[in-house]
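Each chain, letter by letter, is given below.
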Amino acid sequence: MERKKLIAANWKMNKTAAESKQFADEFKKLAVPEDKEVVICAPFTALPALNESFAKTKIGIGAQNIHFEESGAYTGEVSASMVKELAQFVIIGHSERRQYFGETNETLNKKIKKALEHDLSVIFCIGETLSQREKDETKITVEKQVIEGLKDTTPDQMNSIIIAYEPVWAIGTGKTATPQQAEEVHAFIRSVLEKNHSKKVAEKTRILYGGSMNAENAQSLLLQKNIDGGLIGGASLDPQKFAKICNS
Ligand code: PGA
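A brief report on the enclosed structure follows.

What counts, and at which threshold
- Note that residues are indexed from 1 along each chain, following the sequence as it is written.
- The model is predicted, so local features are restricted to residues of pLDDT at least 70 and side-chain atom pairs to those at 80 or more, both for listing and for counting; the totals for chains, interfaces and linings are taken over all residues.
- Each side-chain value is worked out from all heavy atoms of the structure, with water and hydrogens disregarded.
- Numbering of helices and strands starts at the N terminus; helices are DSSP runs of H or I of at least 4 residues and strands are runs of E of at least 2.
- Radius of gyration here uses only the C-alpha atoms, and the compact-globule reference equals 2.2 Å multiplied by the residue count raised to the power 0.38.
- Accessible area is worked out with a 1.4 Å probe on protein chains only. A residue is then buried under 20% of its type maximum, exposed over 50%, and partly exposed in between.
- All accessible areas in this document rest on Shrake-Rupley with a 1.4 Å probe, and a residue is counted as covered only by the protein chains that are shown.
- Note on definitions: salt bridges are taken to be side-chain nitrogens of Lys or Arg within 4 Å of carboxyl oxygens of Asp or Glu.
- Aromatic contacts are taken between Phe, Tyr and Trp rings whose centres are within 6.5 Å, Trp giving its six-membered ring; a plane angle under 30 degrees counts as stacked, one over 60 as edge-to-face, and the others as tilted.
- Here, over-ring charges are defined by two tests on the NZ atom of lysine or the CZ atom of arginine: distance to the ring centre within 6 Å, and angle to the ring normal within 35 degrees.
- Nonpolar core, defined: a set of buried Ala, Val, Leu, Ile, Met, Phe, Trp, Tyr and Cys residues in which side-chain atoms within 4.5 Å join the residues together.
- Contact criterion: two residues are considered in contact whenever any of their non-hydrogen atoms come within 4.5 Å of each other.
- We define proximity as follows: a residue is near a molecule or strand when any one of its heavy atoms falls within 4 Å of that partner.
- Here a polar contact means two N or O atoms within 3.5 Å. Within protein one must be a hydrogen donor candidate and the other an acceptor candidate, and residues neighboring in sequence count only if both atoms are side-chain atoms.
- Side-chain classes are defined by residue name, with Ala, Val, Leu, Ile, Met, Phe, Trp, Tyr, Cys and Pro counting as nonpolar, Asp, Glu, Lys and Arg as charged, and the others, Gly among them, as polar.

### Description of the overall build of the protein chain
Part 1: In terms of helices and strands, the protein chain carries 12 helices and eight strands.
Part 2: Taken against the 2.2 N^0.38 rule, which gives 18 Å for 248 residues, the C-alpha radius of gyration of the protein chain at 17 Å falls within 12% of a compact globule.
Part 3: Structurally, the protein chain occupies a C-alpha span of about 45 × 45 × 35 Å along its principal axes.
Part 4: Looking at the protein chain residue by residue over its 248 residues, the buried ones come to 51%.
Part 5: With an accessible surface of roughly 11,700 Å², the protein chain has 51% of that area assigned to carbon and sulfur atoms.

Put into structure tokens, the structure is as follows:
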């Protein structure tokens with residue numbers, strides 16, 4: 001089954017609205033191949049500028065988090081319906097949110113459901129820490145994240161879910177997983193999807209790799225059978241570098 005490659009930028013807490021517009025102006029001049037889908041996940045405050053800048057293009061826009069409630073007394077939080085006015089995607093469960101903001105598979109499952117209710121496509125992040133890998137707990141960790149995070153999602157809802165495998169030890173460290181290491185876990189994640197959902201869901205779901213992906217290593221990763229794209233942090237902040245990855 002053909003899975004269209006998806007290259008997503010995760011800007012994290014970088015770029016003001018003005019800086020985002022500057023990026024967009026430059027990025028639009030660089031050609032991005034038709035066979036790939038490109039999404040930029042930016043801070044909430046940059047979404048209006050990006051929405052305007054990329055209005056007549058195929059570039060998708062995403063947020064990096066939402067709250068799991070519809071609305072209410074949650075000072076400082078942003079809801080799915082607020083994001084939906086400005087974006088089509090949302091990252092859920094990035095390891096930095098799990099690590100620094102105490103997000104658990106259980107709360108992430110609620111966020112995923114809320115995002116789906118509002119027709120947002122979800123980029124659901126999973127991945128093991130260094131100590132988990134060293135204790136040979138990679139598979140058990142990602143399996144638990146997939147099962148608990150995607151609990152009670154229907155086959156139809158799974159059409160709007162993209163998984164990003166991001167080994168925590170590879171994020172922002174310059175230490176990328178080798179294509180073989182990544183492929184092994186991606187194939188395993190697909191087998192978990194097959195077991196817990198169906199063969200069809202497993203074949204259709206896109207699984208991105210993230211963790212120090214850059215213009216140099218992107219191609220060898222993207223050539224792997226079960227790697228359907230990338231979630232790129234550091235190397236996505238520069239339009240030239242990000243375009244290079246999109247063209248890998
Ligand atoms: P990185 O971040 O590319 O800077 O390692 C990836 C991510 O955290 O999504």
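### Things to note about the pattern of salt bridges
Part 1: Throughout the structure, instances matching the rule amount to 15 salt bridges.
Part 2: Of the charged contacts in the structure, one is a salt bridge between glutamate 203 and lysine 199, with a shortest N-O distance of 3.7 Å. Of this pair, glutamate 203 and lysine 199 both sit in helix α10 (residues 199-204), four residues apart, which is roughly one turn of the helix.
Part 3: Salt bridges linked by common partners bring Arg3, Arg190 and Asp228 together as one network.

### Things to note about the packing of aromatic side chains
Part 1: The final tally for this structure, using the stated rule, is five aromatic pairs.
Part 2: Counting every residue linked through ring pairs, the aromatic cluster contains Trp11, Phe23, Phe27, Phe54 and Phe242.
Part 3: Taking the ring centre of tryptophan 11 as reference, the NZ or CZ of lysine 15 above it sits at 5.3 Å.
Part 4: The ring of phenylalanine 68 carries the charged tip of lysine 110 above its face, separated from the ring centre by 4.4 Å.

### Let's talk about the nonpolar core
Part 1: Phe27, Ile40, Val122, Leu150, Ile189, Tyr209 and Phe242 are the most contacted members of the largest nonpolar core, which has 62 residues in total.
Part 2: Here this core gets six residues from one element, more than from any other, and that element is helix α9 (residues 179-196).
Part 3: Residue contacts for leucine 150: discarding those within four places in its chain leaves Asn109, Ile112, Phe124, Gln145, Met158, Ile161, Ile163, Leu193 and His197.
Part 4: Membership of the second largest hydrophobic core comes to 12 residues, among which are Leu6, Cys41, Ile123 and Leu208.

### Structural notes on the site of the ligand
Part 1: Around the ligand, the surrounding shell holds 13 residues, and the nearest of these are Lys12, His94, Glu166, Gly172 and Ser212.
Part 2: One of the side-chain nitrogen or oxygen atoms of histidine 94 is found 2.6 Å away from an oxygen atom of the ligand.
Part 3: In isolation the ligand has 280 Å² of accessible area, and contact with the protein removes 95% of it.
Part 4: Across the shell around the ligand, the residue classes break down as four nonpolar, seven polar and two charged.

### Here we look at the environment of glutamine 157
Part 1: Along the chain, glutamine 157 falls in helix α8 (residues 155-158).
Part 2: Taking the relative accessible area as the measure of exposure, glutamine 157 reaches 25% and is therefore partly exposed.
Part 3: When the C-alpha atoms of glutamine 157 and valine 122 are compared, they prove to be 9.9 Å apart, with 35 residues separating the residues in sequence.
Part 4: In this structure, glutamine 157 is in contact with Leu116 and Asp152, ignoring residues within four places of it in sequence.
Part 5: In this structure the side chain of glutamine 157 is engaged in a polar contact, spanning 3.0 Å, whose partner is the backbone nitrogen of threonine 154.

Geometry only, nothing functional implied.
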